[in-house]
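Topology and contacts: notes
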Amino acid sequence: MKQVTVQCPATVANLVCGFDILGMALDKPYDLMEVRLLDQPGIVITSRDGFQLPADPAQNTAGAPLIAMLEEIGEPIGFEVIINKQIKPGSGVGSSAASAAGAIVAANHLLGNRFSKEDLVRFALFGEKVASGVKHADNVAPCIYGGITLIRSIFPLDIVSIPAPPLHVTVVHPQIEVRTSDARQILRKQVLLKDAIRQWGNIAGLVAGFMKEDYDLIGRSLEDVIIEPVRSMLIPGFDEIKTKCKSAGALGGGISGSGPSIFMLSKDQSTAVQLETIMHDVYSRIGLDHHTYVTTINQQGVKPI
Ligand code: HSE
């Protein structure tokens, strides 16, 4: 029986200013998925992690991309998927994307890698559609490509990998759930031109900062004048954590994806560890359970192990 186990990284979407167009893969946390090729049509999904996710493949973020791939292949084959999720759904670090990307990369591996990475993103987007109602690629693209990715366009897909200098990432996940669909619903549908201009400057500055390995420029560009002012209201302690982390030497940071996780970038590991203590202290004082991660950028994306 052909089978493979894949490791599927968490991802930070948006990278503060790049709503729906920038994302980054993380070395920690990650999901594990076992995928088997079946010689009969159908998709069977089993969870080994206790999360109550839909078993119906069409409603499952791992199942929907596989259905799309099987439709395109048109062969009488199927897949069995066993998910061992470590990335909590609704945490803001790409849980649905890890399932979608993991399933589709594993399936492609079992089929002799017949699809390109861009094709795999195209299929994985069906999982994001199931999860949040919208095909946004800023989690699935970095999850599949690794590193930092720019999604210049979704229709047609145009994905650009952005090189970056070494960065340390501190993430705190307060134990509340923010559904991406809800966090999108509350956004204003129109932006002021002056805010758009500032945001464009920041996105261009951030990409240039990564490519020029200019840490100061990266820090200056980690500013969001459009989404963060609205969404940060859903996250207790957000302003305090951001202010204290920046005073302690963080380059900058903000909401990870649609939240509630918050991430901060640092130039060195000792600062990243200090930021973890700050995050822990704020949430302990507020009395909110939380998990923290100190990690680095994952360069490989989903990988068979
Ligand atoms: N760009 C998406 C959003 C990412 O912010 O809604 C969700 O993880």
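Residues numbered from 1 in each chain as written. Predicted model: local features only at pLDDT ≥ 70, side-chain atom pairs only at ≥ 80, totals over all residues. Heavy atoms only, no water.

The final tally for this structure, using the stated rule, is 1 aromatic pair. Ring centres of phenylalanine 115 and phenylalanine 123 lie 5.1 Å apart, and the angle between their planes is 85 degrees; on these two criteria the pair is classed as edge-to-face. The buried category is assigned to phenylalanine 115, whose relative accessible area is 15%. In this arrangement the basic side chain of lysine 117 is found over the ring face of tyrosine 145, its NZ or CZ atom lying 5.6 Å from the centre. The side chain of arginine 122 reaches across the aromatic face of phenylalanine 123, ending 4.8 Å from its centre. (Phe/Tyr/Trp six-rings, centres within 6.5 Å; stacked < 30°, edge-to-face > 60°. Buried < 20%, exposed > 50% of the residue type's maximum accessible area, 1.4 Å probe, protein only. Lys NZ or Arg CZ within 6 Å of the ring centre and 35° of its normal.)

Surrounding the ligand, one finds Ala13, Asn14, Phe19, Asp20, His136, Asp138, Asn139, Thr180, Arg184, Arg231, Gly257 and Ser258. Between the ligand and asparagine 139, the relevant distance is 2.8 Å, taken from an oxygen atom to a side-chain nitrogen or oxygen of the residue. Here an oxygen atom of the ligand sits 2.7 Å away from a polar atom, N or O, in the side chain of arginine 231. Its free accessible area being 260 Å², the ligand has 97% of it covered by the protein chains. Each of domain 1 (3–162) and domain 2 (168–296) accounts for three or more of the residues forming the shell around the ligand. (Near = heavy atom within 4 Å. Polar contact = N/O pair within 3.5 Å; in protein donor to acceptor, adjacent residues only side chain to side chain. Areas by Shrake-Rupley, 256 points an atom, 1.4 Å probe, with all protein chains shown as cover. Domains from an automatic or database assignment.)

All right, on to the nonpolar core then. If you look at the biggest cluster of nonpolar residues, it comprises 71 residues, and the most contacted ones within it are Met24 and Val121. When residues of this core are assigned to their parent elements, the largest contribution, 10 residues, is made by helix 2 (residues 95–110). Residue contributions to this core reach at least three from each of two domains, namely domain 1 (3–162) and domain 2 (168–296). With residues up to four places along the chain from it excluded, the contact list for methionine 24 reads Ala10, Thr11, Val12, Leu15, Pro142, Gly147, Ile148, Val169, Phe263, Leu265 and Ile297. Among the nonpolar cores identified, the runner-up in size contains 15 residues, and Phe238, Ile241, Ile255 and Leu275 belong to it. (Core = buried A, V, L, I, M, F, W, Y, C linked by side-chain atoms within 4.5 Å. Helix = DSSP H or I, 4+ residues; strand = E, 2+ residues; numbered from the N terminus. Contact = heavy atoms within 4.5 Å.)

Now for the packing of helix 9 (residues 238–247) against helix 10 (residues 269–286). The interhelical angle for the contact between helix 9 and helix 10, taken along N-to-C directions, is 150 degrees, at an axis separation of 10 Å. Between helix 9 and helix 10, the angle falls in the class roughly antiparallel. In terms of crossing hand, the pair formed by helix 9 and helix 10 is right-handed. Across the interface between the two elements, Glu240, Ile241, Lys244 and Cys245 of helix 9 pack against Leu275, Ile278, Met279, Val282, Tyr283 and Arg285 of helix 10. (Axes fitted to C-alpha atoms, helices over the stretch in contact; angles between N-to-C directions. Parallel < 35°, antiparallel > 145°, perpendicular 65-115°, else oblique. Left-handed = near helix turned anticlockwise from the far one by under 90°.)

Before going further, it helps to spend a moment on the domain arrangement of the protein chain. When the domains of the protein chain are assigned, the result is domain 1 (3–162) and domain 2 (168–296). For domain 1 versus domain 2, the distance between C-alpha centres works out to 24 Å. If you look at the interface, domain 1 gives 29 residues, while domain 2 gives 39 residues. Both sides of the domain 1 and domain 2 interface together cover about 2500 Å² of buried area, and 66% of this is carbon and sulfur. Considering only the surface of domain 1 that becomes buried against domain 2, Val16, Cys17 and Phe19 emerge as the three largest contributors, covering 26% of it. Our count for the contact surface shared by domain 1 and domain 2 stands at 1 salt bridge. When the shortest N-O distance is used, the salt bridge between arginine 184 and aspartate 20 registers 2.7 Å. Remark: the boundary between domain 1 and domain 2 carries 11 residue pairs in polar contact (both at pLDDT 80 or more). Sorting the residues of the side of domain 1 that touches domain 2 by element identifies strand 1 (3–13) and strand 2 (22–38) as the ones contributing at least two each. With 7 residues, the top contributor of residues to the side of domain 1 that touches domain 2 is strand 2. Taken together, the residues of the side of domain 1 that touches domain 2 break down into 17 nonpolar, 8 polar and 4 charged. (Buried area = accessible area lost by both parts, 1.4 Å probe. Salt bridge = Lys/Arg side-chain N within 4 Å of Asp/Glu carboxyl O. Nonpolar A, V, L, I, M, F, W, Y, C, P; charged D, E, K, R; others polar.)

Our focus in this paragraph is the environment of arginine 184. Take arginine 184: it is sitting in helix 5 (residues 180–185). Between the C-alpha atoms of arginine 184 and glycine 133, which are 51 residues apart in sequence, the distance is 9.8 Å. Setting aside anything within four residues of it in sequence, one finds arginine 184 in contact with Phe19, Asp20, Val134, His136, Lys189 and Arg231.

Viewed as axis vectors pointing N to C, helix 1 (residues 63–73) and helix 2 meet at an angle of 35 degrees, and their least axial separation amounts to 8 Å. You can see that helix 1 and helix 2 cross each other, and the crossing is right-handed. Two secondary-structure elements touch here, helix 1 through Pro65, Leu66 and Met69 and helix 2 through Ala100, Ala103, Ile104, Ala107 and Asn108.

This paragraph deals with the pairing of strand 3 (residues 42–47). By the bridge criterion, 6 bridges tie strand 3 to strand 4 (residues 78–84) in an arrangement that is parallel. Bridged to valine 44 within strand 4 is glutamate 80. Where the polypeptide runs from strand 3 across helix 1 and back to strand 4, its parallel neighbour, the crossover connection is left-handed. (Pairing = 2+ DSSP bridges. Right-handed = clockwise from strand over helix to strand, strands pointing away.)

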